[in-house]
Amino acid sequence: MTTPQKIQLKITGMGCASCVGRVEAALDDVPGVTSAAVNFATETAQVSFSGPVESLTHALDQAGYPTAIAHTTLNVSGMSCASCVRKIEGLLSGDPAVVEAQVNLATETATATYVDGATTAQALADLCTKAGYPARVAQEDGEANHSKAQEANSLTRATLFAAMLALPVFVLEMGGHMIPAFHHLVHATIGTQTSHLIQFGLTTLLLLGPGRVFYAKGIPSLLRRSPDMNALVAMGTGAAYLYSVVATFAPGALPEGSANVYFEAASVIVVLILLGRAMEARAKGRTGAAIQKLIGLQPKSARVERDGTMIDRPISEIVVGDILQIRPGERVPVDAEVLEGTSFVDESMITGEPIPVGKSKADQVVAGTINGTGALRVRAARVGADTVLAQVIRMVEQAQGAKLPIQGLVDRITAWFVPAVIGVAALTIAAWLMFGPAPALPMALVAGVSVLIIACPCAMGLATPTSIMVGTGRAAELGVLFRKGDALQQLQQAKVVALDKTGTLTQGRPELETIVTANGFDNDQALRLAASVESRSEHPIATAITRAGPAVPPDASDFQSLTGLGARALVDGQEIIIGSLRLMRQYNVDVSELKQDADQRAAEGATPLFLAVDSKAAAMIAVSDPLKPGTAEALGRLHAMGLTLAMVTGDNSGTAQSLARKLGIDHVTSEVLPDGKLAAINDLRDQFGSLAFVGDGINDAPALAAADIGIAIGTGTDVAIETADVVLMSGDLRGVANAMDISRRTMRNIRQNLGWAFGYNVLLIPVAAGVLFPFGGPLLSPALAAGAMALSSVFVVTNALRLRRVRATLPEREHTETQQTVAP
């Protein structure tokens, strides 16, 4: 059985939210498709299927929503004759996503036309390279990055042209209603019939020119019995136009007193809707600003060592193992390992942390980050799609293209919304004809057209995806990556946050905390002797003491590791013993003077050790795992959000309870093995409700997968990150509070948008139908209906854009105080 593959297709022709259901239905009917999710805001479809891509594109073409086509040019080397040309053409044409391929031997280039989203230009280049013809992309198709801006510019030009045509029509017809003297002027000079003919000519030009798009898309959708937003506009403006044509050229065919023209209604409707779409396109273009900002972080070229000289080469030519030079102030071109030099690198664009990070030999640098004042010589470790930056972009794009559970309800409503509006318009016309005052026909026409025009499924369709795009993009800028789109909705539903201890709450690396001396020894002397012995050990606690000691401790001889107890050695002719209380008793060392301090540190979660010199107690040394900066602040903020906090750890109960008291954690489950964490999570979920788990290690991966929401620390293992729903690019727990905050803000924004979209249609469609007229209320003008409809979509997108201004609820700022530790 063929394994389903996932691809993202760019869809054209979607005019409103009701199109989403039709595109999904068309894809679902294709044999081999297991799932299809369409995003109206990004105009993409994410499809999981097994089979040829042609079947998907054919189904979409039949449904009236063809896939976008992209073009690329490849520079191909290694071609020597015409047979090479045929071979490469056959190779490219054999890719199911390629529509057409042509190879030119003279220019050593290949041009390919392919289904955008089903493959990429780089994938086609790789196809040629694997066949023995090294290829690279000569020019990337830039349409994707600028399509929204181009669409907005095109709509703006169309709107201006339509407005120039509509203005005389509006003045000739409505000027007389507003200024009676103007009506007499028109009648006395050019005459009413000539005025109608001028309006007819200008309106015809407008509908055949800028307004043609509504008919080109709307009429076919009506014929397919799947009407969309364009169909509503086409029906409304078409009805007003045709009625006016009859009133102009055959007024006798209409009932007496009803031969009125509505050319201005058809004209103004088109102008206002085009204006609304232009504003919407500009606003929608800004919703993807975060992705464009991330893409903009990638340098275009890098300085590479080739044959002993430094040359600038395009980033696409950099391969793993290349030696690069990064000058002060430059962006890091690829993920790399530092070979020479020291510098501070600004990683805020990736991690959200504002403080530059020191880099020296053997450290890793990440593509897109900014080098400080030092020069670095590095070796490329990951390039192209494998860099951290590329993975971040990919995760954000996937999250932005996802469909939240709440969108399912919207899709079901928009599926029948347009047919329902057409039905309401028909009932409105019938009611006015039967019960309306004379002249009933023009009033029925006005009401029916207003119903068709004012209905706005676009606002309903944009309500969720635009907020997701902006919310996830802003989250990425704050160092929070939603790997799965539905995590955005699920996270704000969490009632309890469970956290691993080591590496999540704490640094995961023991550090020397306290030294208490006895019998005349001082701190420096005790630390010098302890570091001398522990430098011979690889135990994490020994390493912590060695790091805190002198750079070059005295030599230790006759070293003996006492498993589970400590160690002994000779230093400067003195016998040094360091270890537990039990070890001291074995050697008959009296530590009563130090025991109270040791017990206090142990109760507070630290590990106390005793140092003896020639059988005399010299010091108590406490080692602990320090808290990460901002941990207490982050947990306090989560508490303030009304969340229950739990700690699930394999550490002993005493240490865990001590830390929980210090941090205000509500529930502790300690001394659990990795598989025991699953049971602990299930117990917490049963007790408190929806659960988010925060972890960083391989042993946390099962818990991250089992939780309702798994949140991985970005500095943790790849296994943990792969199983998580949300990734914090920095190791700072304040990112959890930021993730929770932006999840809540985004969902609140979505509810506001949906409330507006549904409320707008529920309230204004009856007003457009004229339900207020019998009670002395107004009969809504079709032009006003068009204005209201245009602004409704703009409101939704503009409201979503407010999320771009979200600030971190807890900024990951530099701490001026010393690092917090488990024991003070």
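Residues numbered from 1 in each chain as written. Predicted model: local features only at pLDDT ≥ 70, side-chain atom pairs only at ≥ 80, totals over all residues. Heavy atoms only, no water.

1. A word on the overall build of the chain
Formally: Numbering of helices and strands starts at the N terminus; helices are DSSP runs of H or I of at least 4 residues and strands are runs of E of at least 2. Each residue is assigned to one of three classes by its accessible area relative to the maximum for its type, calculated with a 1.4 Å probe on protein chains only: buried under 20%, partly exposed between the two thresholds, exposed over 50%. In this description, contact between two residues means that some pair of their heavy atoms is separated by no more than 4.5 Å. Only the protein chains shown count as cover for residues, and the accessible areas themselves come from Shrake-Rupley with a 1.4 Å probe. When charges are counted, Lys and Arg contribute as positive and Asp and Glu as negative, whereas His and the chain ends are disregarded. The location of each charge is read from NZ of Lys, CZ of Arg, CG of Asp or CD of Glu.
If you tally the helices and strands in the chain, you get 29 helices and 29 strands. Its C-alpha atoms give the chain principal-axis dimensions of about 125 × 75 × 55 Å. Counting across all 824 residues of the chain, residues that qualify as buried make up 51%. Nonlocal contacts in the chain, meaning residues at least 24 apart in sequence, comprise 69% of its contacts between residues at least 6 apart. Per element, the accessible surface of the chain, about 35300 Å² overall, is 57% carbon and sulfur. Charge-centre separation for the chain: the mean point of 63 positive side chains lies 5 Å from the mean point of 75 negative side chains.

2. Considering the side chain of aspartate 95
Note the following rule: For this analysis, a salt bridge means a side-chain nitrogen from Lys or Arg found within 4 Å of a carboxyl oxygen belonging to Asp or Glu. Polar contact criterion, stated in full: a pair of N or O atoms within 3.5 Å, where within protein one must be able to donate a hydrogen and the other to accept it, and residues adjacent in sequence count only if both atoms are side-chain atoms.
Mapped onto the elements, aspartate 95 comes out in the loop between helix H3 (82-93) and strand E5 (98-104). Among buried Asp, Glu, Lys and Arg side chains, aspartate 95 stands out as unpaired, with lysine 130 the closest opposite charge at 10 Å. Of the polar contacts made by the side chain of aspartate 95, one reaches the backbone nitrogen of alanine 97; its length is 2.9 Å. In contact with aspartate 95, not counting residues within four places along its chain, are Thr119, Leu124 and Leu127.

3. Comments concerning the pattern of salt bridges
One pass over the full model with this rule turns up 22 salt bridges. Among the ionic pairs, glutamate 513 bridges to arginine 601, the shortest N-O distance being 3.3 Å. In this pair, glutamate 513 sits in strand E19 (residues 511-517) while arginine 601 sits in helix H22 (residues 592-603), placing the two residues 88 residues apart along the sequence. The buried category is assigned to arginine 601, whose relative accessible area is 14%. In this structure, a network of salt bridges that share partners links the residues Arg136, Arg313 and Glu317.

4. Things to note about the nonpolar core
Rules: Side-chain atoms within 4.5 Å are what join buried Ala, Val, Leu, Ile, Met, Phe, Trp, Tyr and Cys residues into a set we call a nonpolar core.
Leu9, Leu27, Leu56, Phe482, Leu505 and Ile711 are the most contacted members of the largest nonpolar core, which totals 141 residues. At 13 residues, the largest contribution of residues to this core is made by helix H28 (residues 734-769). In this structure, isoleucine 711 is in contact with Leu491, Ala692, Phe693, Val694, Gly695, Leu704, Ala724, Val726, Leu728 and Val736, ignoring residues within four places of it in sequence.

5. Points about the environment of threonine 119
Positionally, threonine 119 belongs in the loop between strand E6 (109-115) and helix H4 (121-130). Between the C-alpha atoms of threonine 119 and histidine 184, which are 65 residues apart in sequence, the distance is 65 Å. Those residues in contact with threonine 119 that sit more than four places away from it in its chain are Asp95, Ala97, Tyr114 and Leu124.

6. Details of the sheet that holds strand E16 (residues 376-382)
Using the following cut-off: By the convention used here, strands pair only if DSSP detects at least 2 bridges between them.
Across the sheet, six strands lie side by side as E9-E8-E10-E16-E11-E14; this open sheet has antiparallel pairing. At either margin of the open sheet sits one strand with a lone partner, and together these are strand E9 (309-314) and strand E14 (364-365). Taken together, the four bridges between strand E10 (residues 323-326) and E16 define a ladder with antiparallel strand orientation. Pairing of isoleucine 326 across the sheet is with leucine 376, part of E16.

7. Examining the sheet that holds strand E13 (residues 357-359)
Pairing is antiparallel across the open sheet formed by three strands, whose spatial order is E13-E12-E15. Looking at which strands have only one partner, the edges of the open sheet turn out to be E13 and strand E15 (370-371). Relative to E13, strand E12 (residues 343-346) runs antiparallel, the two being bridged by three bridges. Along E13, the bridge assignment pairs serine 343 with lysine 359.

8. Quick notes on the packing of helix H23 (residues 631-640) against H28
Operational definition: In this description, a line fitted to the C-alpha atoms serves as the axis of each element, helices being fitted only across the stretch in contact, and the angle between N-to-C directions of two axes falls anywhere from 0 to 180 degrees. Angular relationships are summarised with four words: roughly parallel below 35 degrees, roughly antiparallel beyond 145, roughly perpendicular across 65 to 115, and oblique for the angles in between. Note on convention: the crossing is left-handed when the near helix lies turned anticlockwise from the far helix by less than a right angle, right-handed when the turn is clockwise.
At a minimum axis distance of 7 Å, the contact between H23 and H28 shows a crossing angle of 25°. In terms of orientation, H23 and H28 fall into the roughly parallel class. Relative to H28, the crossing made by H23 is left-handed. Side by side, H23 and H28 meet where Glu633, Ala634, Arg637 and Leu638 of the first sit next to Arg734, Val736 and Ala737 of the second.

9. A look at a positive patch on the surface
Put simply, the rule is: Residues enter a patch when their relative accessible area is above 30% and they make no salt bridge; the linking distance is 9 Å between like charges and 5 Å between nonpolar side chains (Val, Leu, Ile, Met, Phe, Trp, Tyr).
A surface patch of positive charge is lined by Arg748, Arg751, Arg802, Arg805 and Arg807. By the secondary structure assignment, arginine 807 is in the segment after helix H29 (782-801).

10. Here's the deal with the packing of helix H1 (residues 18-28) against helix H2 (residues 53-63)
Close contact between H1 and H2 brings their axes to 9 Å; oriented N to C, the two are set at 140°. By the criterion of interaxial angle, the relationship of H1 to H2 is oblique. Here the hand of the crossing between H1 and H2 comes out right-handed. Contacts from Val23, Ala26 and Leu27 of H1 reach H2 at Leu56, Ala59, Leu60 and Ala63.

11. Quick look at the confidence of the model for the chain
Operational definition: What pLDDT conveys is the predictor's confidence in a given residue, as a value from 0 to 100.
Overall, the predicted model of the chain reaches an average pLDDT of 83, with 90% of residues at or above 70. Note that pLDDT drops below 50 for residues 140-145; the model gives that stretch six contacts with residues more than four away or on any other chain. In this model, residues 813-824 is a region of pLDDT below 50 whose contacts with residues beyond four sequence positions or in other chains number 36 contacts.

12. Topic: the environment of threonine 546
Counting through the fold element by element, threonine 546 comes out in helix H20 (residues 540-548). Distance from threonine 546 to serine 535, taken between C-alpha atoms, is 5.6 Å for residues eleven residues apart in sequence. In this structure, threonine 546 is in contact with Ala531, Glu534 and Ser535, ignoring residues within four places of it in sequence. From its side chain, threonine 546 meets the backbone oxygen of glutamate 534 in a polar contact 3.5 Å long.

13. Focus: unusual backbone geometry
Residue proline 439 is bonded to the preceding alanine 438 through a cis peptide linkage, with omega at -5°. In this fold, proline 439 is placed in the loop between helix H14 (405-435) and helix H15 (440-454).

14. Some thoughts on the packing of aromatic side chains
This is how the line gets drawn: Centre distance within 6.5 Å is the pairing criterion for rings of Phe, Tyr and Trp, where only the six-membered ring of Trp is used; planes under 30 degrees apart are then read as stacked, over 60 as edge-to-face, and the remainder as tilted.
Within the structure shown, the criterion is met by eight aromatic pairs. By the ring-pair criterion, three or more aromatic residues cluster together here, those being Phe200, Tyr241, Phe249 and Phe263.

15. As for the pairing of E12
The two faces of a sheet get side chains in turn, since along a regular strand they alternate between them. Side chains of E12 alternate between two faces, with Ser343 and Val345 buried and Phe344 and Asp346 left unburied. Here E12 runs beside E15; their pairing, made up of two bridges, is antiparallel. Following the sheet pairing, valine 345 is matched in E15 by asparagine 371.

16. So, a nonpolar patch on the surface
Residues Leu167, Phe170, Val171, Met178 and Ile179 make up a contiguous nonpolar surface patch of roughly 470 Å² in combined accessible area. With respect to the helices and strands, methionine 178 occurs in helix H5 (residues 143-178). On the basis of relative accessibility, which here comes to 55%, the residue methionine 178 falls in the exposed class.

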